[in-house]
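# Observations on chain architecture
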Amino acid sequence: MSCRSGRRKVTAPALASMKGRQRIVMVTAYDYPTAALADEAGVDSILVGDSLGMVVLGYESTLPVTVEDMLRHTAAVARAKPCALIVADMPFLSYEASTRDAVLNAGALARAGAEAVKLEGGSEVADVVKAIVRAGIPVMGHVGLTPQRAARLGGYRRMGKTPTEAEAIVRDAKALEEAGAFAVVVEFTKADVARRVTESIGIPTICIGSGPHCDGQVLVLHDIIGLSFYTPPFAKRYADAASLIRKAIEDYAREVREGKFPGPEHYK
Ligand code: KIV
């Protein structure tokens, strides 16, 4: 089946093989139109991130996001038929309680259209990663700042500042590779820690807020386009969608109040 932008479909093995050859571009999307636009812009992978909770659903953290939320938004993204690889986040408590739950929840996301799942954690989730991979579903790891565990980590802070913490992040990435993960997100670490991880494993690293030494980068779409109400210090805003949207709605409201909309062209 052909995909939206007419490029070769990006699979998990294809993405993994980009390490050392081509920098990987990943962006989040949570619905049909933004997935279609991201694919037309030529990204390699679309992440249906649990950042959904904050940038779309208005929660203060990712913790309230449910499997049902992720299924609905993953299915919407999949309906755009992107050539980019669709990766869906496993939300908080969908993989921690038991390996069986984890495999069933990953399977539900795959049935909704995810072509890979991402989950947070290192050595402590290695068995879960193995079981999901054994079920035939590619897994992307996520080390460094793992927002689902922000409370235990002491908040949203840069990770790997002490030698012990840096060592643990490298060890976690290696454990994920050994467990069968095909790539790993490295979030908000010191740049030299991300470089060490990238040099220590054979699967691609995808950085967010961890500097330039990864095999690729990921950002939250709403931060890129200027539609988030809080932008983290490591994100770059490439557009001001909030102003465009506000202005369009103000223009519409003014025209309705002045009797200019609808005009004859809208009701003939
Ligand atoms: O949920 C998300 O958007 C993520 C990225 C920050 C990597 O996990």
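Given the structure is predicted, the values throughout are model-derived calculations rather than measurements.

### Some details on the pairing of strand S3 (residues 85-89)
Judged by how many residues are buried, S3 sits mostly within the fold: five of five residues are covered. Burial of the side chains of S3 extends over both faces: Leu85, Val87 and Asp89 are buried on one face and Ile86 and Ala88 on the other. As judged from the four bridges shared by strand S2 (residues 45-48) and S3, these two strands associate in the parallel manner. Paired with Leu47 across the bridge in S3 is Val87. Handedness of the crossover is the feature at issue here: the chain leaves S3, passes through helix H5 (residues 99-112), returns alongside strand S4 (residues 116-118), and the resulting connection is right-handed.

### Quick word on the pairing of strand S6 (residues 183-187)
The buried fraction of S6 is high, at five of five residues. Along S6, one buried face is formed by Ala183, Val185 and Glu187 and the opposite face, lined by Val184 and Val186, is buried too. Relative to S6, strand S5 (residues 139-144) is paired through five bridges, and the arrangement is parallel. Within S6, the position partnered with Met140 by the bridge is Ala183. Relative to strand S7 (residues 205-208), S6 runs parallel, the two being bridged by four bridges. Residue pairing across strands places Val184 opposite Thr205, the latter belonging to S7. With helix H9 (residues 191-200) bridging S6 and its parallel neighbour S7, the resulting β-α-β unit is right-handed.

### So, the side chain of Thr189
Mapped onto the fold, Thr189 is located in the loop between S6 and H9. Looking at Thr189, the relative accessible area reads 0%, which means it is buried. Those residues within four positions of Thr189 in sequence are excluded, and the remaining contacts are Gly144, Arg158, Met159, Ile169, Ala194, Gly209 and Ser210.

### Considerations on the packing of helix H6 (residues 126-134) against helix H8 (residues 163-179)
Contact geometry of H6 with H8 gives a least axis separation of 8 Å together with a crossing angle of 25°. By the criterion of interaxial angle, the relationship of H6 to H8 is roughly parallel. The crossing of H6 and H8 is right-handed. Contact with H6, carried on its side by Ala126, Val129, Lys130 and Val133, involves Ala175, Leu176 and Ala179 of H8 and no other residues of that element.

### Quick look at the confidence of the model for the chain
Of all residues in the chain, 100% attain a pLDDT of 70 or more, and the chain-wide mean is 97. Highest mean pLDDT in the chain belongs to S4 (99); lowest belongs to helix H7 (residues 150-153) (92).

### Concerning the environment of Pro138
Take Pro138: it is sitting in the loop between H6 and S5. Each C-alpha atom, one on Pro138 and one on Ala183, is 9.3 Å from the other, the two residues being 45 residues apart in sequence. Setting aside chain neighbours within four positions, we find Pro138 in contact with Ala12, Glu115, Ala116, Val117 and Phe182.

Reading the values: rules and limits
- Residues numbered from 1 in each chain as written.
- Predicted model: local features only at pLDDT ≥ 70, side-chain atom pairs only at ≥ 80, totals over all residues.
- Heavy atoms only, no water.
- Buried < 20%, exposed > 50% of the residue type's maximum accessible area, 1.4 Å probe, protein only.
- Helix = DSSP H or I, 4+ residues; strand = E, 2+ residues; numbered from the N terminus.
- Pairing = 2+ DSSP bridges.
- Right-handed = clockwise from strand over helix to strand, strands pointing away.
- Contact = heavy atoms within 4.5 Å.
- Axes fitted to C-alpha atoms, helices over the stretch in contact; angles between N-to-C directions.
- Parallel < 35°, antiparallel > 145°, perpendicular 65-115°, else oblique.
- Left-handed = near helix turned anticlockwise from the far one by under 90°.
- pLDDT = per-residue confidence, 0-100.

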